[in-house]
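# Observations on the model geometry
Here is what each chain is made of, one letter per residue.
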Amino acid sequence: MTFSAIFGAWIAAFLTLGIFSYLYKDNPFYKIAEHVFVGISAAYVAAISFWTQIYPNLFGRLFPNDGPFSFTGLEFDFNHEFNILYLFPLILGLMMLLSVFQQFNWMARWGIAYTVAIAAGLKAFGYLNSNVLNQVKASSVDLFSGSLPFFSLGGDSVFNNIVLLIGTISSLMYFYFSKEQTGNFGRFTRLGIYFLMVSFGASFGFAVMGRISLLIGRFNDLIEYSSVDYNYGTFYVLLFIIIVLGFWSFKNREK
Amino acid sequence: MMDEIQNLNDFAYIYSGSAGYPGTFEWVKYGGDPTGVPMSSGTTSVQVNEVIPYVQTGQLIGLLAGMPGAAEYEKLIASPGIAIQGMAAQSFAHIVIVIFIVFGNLAFFIKQRRDRKY
């Protein structure tokens, strides 16, 4: 096992146990882990964005080998050809960065307006096509064609499609506020609430399952790092955290 | 390997391993659906509830749903790994959570009844 692998394991064990130490109470180890997490996440996203997007896609197209700007000495070889249109994103990006200066911060609005408009257009198309039209198309089935079984636990069936139809309409009706939800209409929208609750319950269940999976992953790593291969990293880090936390609590008794 | 590849239409199949955004949602919306290339995905459990409708409509031809999905896949290819190992812990954790929810509700109703009595 290399020194860097062991060192990385000790750091990972320290940060994991630092976060778990919040179960005791807010403390310096938790703060360190939290700040390191936020800082590294931001830096990682910035570095990835620059080296995988801006560097090859923008600089690679504005300053290719033997491009018109070669005389400046700036050449980035990514097998792209020169494309003058890429000057616009460069200018808009620089305008967004100028928002740090009070007198130029109006310039950032241009870049933000362009980004928001493009994102809205792309998202509208994607959502409309994938989340509305395709879902409506899949919900529109012929119940009485005879091709479907009446009941099936795992697959498509007449019963399941009726449940889907009633659930969809009653849930949508719950959000229809132009008519007072009383009488038969109220009972129907109440049915919609039950369908929504089942949906939220399923979401919650899957969310819990996901978090438990992450917890299992962290424990798997901690168990692995407690082996002789990693010089018993988990044990020593845990001992260190407990001793320091005990001392820290002793010194801050009044709090 | 990528010699004659120009765009997504040149692929026979798309697989997205997704743990957040951008991920399977974006690949369905801007990859699989516009091109019609068959697509499947493996996601974290948190995303399953939102991705499952794509399976029912055929926009995804299959889904590895969280750790249980990974365990099923390991069993399918007869290669037991960490997903199958983790399922015991996960099932036990779920039972504990269900017991806590039941106890919490029981405590709530008992307290409510006591408050009404006195």
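Rules used in this analysis
Residues numbered from 1 in each chain as written. Chains lettered and ligands numbered in written order. Predicted model: local features only at pLDDT ≥ 70, side-chain atom pairs only at ≥ 80, totals over all residues. Helix = DSSP H or I, 4+ residues; strand = E, 2+ residues; numbered from the N terminus. Buried ≥ 20, exposed ≤ 12 C-beta atoms within 10 Å, placed from the backbone. Contact = placed C-beta atoms within 7 Å. Domains from an automatic or database assignment. Pairing = 2+ DSSP bridges. Right-handed = clockwise from strand over helix to strand, strands pointing away. Expected span 1.5 Å × (residues − 1). Axes fitted to C-alpha atoms, helices over the stretch in contact; angles between N-to-C directions. Core = buried A, V, L, I, M, F, W, Y, C linked by C-beta atoms within 7 Å. Nonpolar A, V, L, I, M, F, W, Y, C, P; charged D, E, K, R; others polar. Parallel < 35°, antiparallel > 145°, perpendicular 65-115°, else oblique. pLDDT = per-residue confidence, 0-100.

Let's shift gears to the overall build of chain B. Check the secondary structure of chain B and you find four helices and three strands. From first element to last, N terminus to C terminus, chain B shows the α and β order β-α-β-α-β-α-α. Relative to its full complement of 118 residues, chain B shows a buried share of 23%. Partitioning the intrachain contacts of chain B with sequence separation of at least 6 by distance along the chain shows that 26% fall at a separation of at least 24.

This part covers the domain arrangement of chain B. Much of the literature gives interface size as the accessible area that the parts lose upon coming together. Residues and elements named next belong to chain B. Per the domain assignment, the segments of chain B are domain 1 (1-80) and domain 2 (82-118). Each of domain 1 and domain 2 was reduced to a C-alpha centroid, and the two centroids are 34 Å apart. Counting from both sides, the interface comprises seven residues of domain 1 and, opposite them, five residues of domain 2.

Moving on to the pairing of strand β2 (residues 39-43) of chain B. Across a regular strand the side chains alternate sides, sitting on one face of the sheet and then on the other. Residues and elements named next belong to chain B. Of all five residues making up β2, four are buried, and the element is well covered by its neighbours. Where strand β1 (residues 14-18) and β2 come together, five bridges link them in parallel fashion. Within β2, the position partnered with Ile14 by the bridge is Met39. Once you follow β1 into helix α1 (residues 24-35) and on to β2, the crossover reads as right-handed. For β2 and strand β3 (residues 63-65), the ladder comprises three bridges, and the chain directions are parallel. Residue pairing in the sheet places Gly42 in a bridge with Leu64 of β3. Between the parallel pair β2 and β3, the chain is carried across by helix α2 (residues 45-57), and the sense of this crossover is right-handed.

Between its terminal C-alpha atoms helix α7 (residues 233-251) of chain A stretches 27 Å, which fits the 27 Å expected from 19 residues at 1.5 Å a residue. Packing partners of the buried residues in α7 of chain A comprise α1 (3-20) and α6 (183-225) of chain A.

This part covers the sheet that holds β1 of chain B. Residue and element names in this part refer to chain B. What the three strands build is an open sheet, ordered β1-β2-β3; its pairing is parallel. At either margin of the open sheet sits one strand with a lone partner, and together these are β1 and β3. Strand-to-strand, the axes of this sheet are offset by a mean angle of 10°, without reference to chain direction. Packed on one face of the sheet, helix α3 (residues 66-76) meets β2 and β3 and runs near 120° to β3.

Here the focus is the nonpolar core. One finds Phe206, Met209, Ile212 and Ile216 of chain A together with Phe25, Val28, Met39, Val48, Val51, Tyr54, Leu60 and Ala65 of chain B forming the largest nonpolar core, which totals 12 residues. Mapped by element, the contributors of at least two residues to this core are α6 of chain A together with α1 and α2 of chain B. Considering every element that reaches this core, the biggest residue donor is α6 of chain A, with four residues. In terms of nonpolar packing, the next biggest core, distinct from the first, is built from eight residues, Phe14, Leu222, Tyr225 and Val237 of chain A among them.

Taken together, the contacts link 21 residues of chain B with 17 residues of chain A. When residues of the side of chain B that touches chain A are traced back to their parent elements, those giving at least two are α1, α2, α3 and α4 (82-117) of chain B. Ranked by residue count, the leading element in the side of chain B that touches chain A is α2 of chain B, at seven residues. In terms of residue class, the side of chain B that touches chain A is made up of 10 nonpolar, nine polar and two charged.

At a minimum axis distance of 6 Å, the contact between α6 of chain A and α2 of chain B shows a crossing angle of 145°. Seen from α6 of chain A, the contacting residues are Ala202, Ser203, Phe206, Ala207, Met209, Gly210 and Ser213 of chain A; seen from α2 of chain B, they are Ser45, Val46, Val48 and Asn49 of chain B.

Attention shifts here to the packing of helix α5 (residues 158-174) of chain A against α6 of chain A. All names here are of chain A. Close contact between α5 and α6 brings their axes to 7 Å; oriented N to C, the two are set at 105°. As the angle between them shows, α5 and α6 are arranged roughly perpendicular. Between α5, through Gly167, Ser170, Ser171, Met173 and Tyr174, and α6, the contact on the second element is made entirely by Phe188, Thr189, Leu191, Gly192, Ile193, Phe195 and Leu196. Across the contact of α5 with α6, the residue classes break down as seven nonpolar, five polar and no charged.

Reading fine detail from the predicted coordinates is not recommended where pLDDT is low. Scored by pLDDT, chain B has a mean of 91; 100% of the residues are at 70 or more. Model confidence for the complex is summarised by a pTM of 0.79, with the ipTM given as 0.80.

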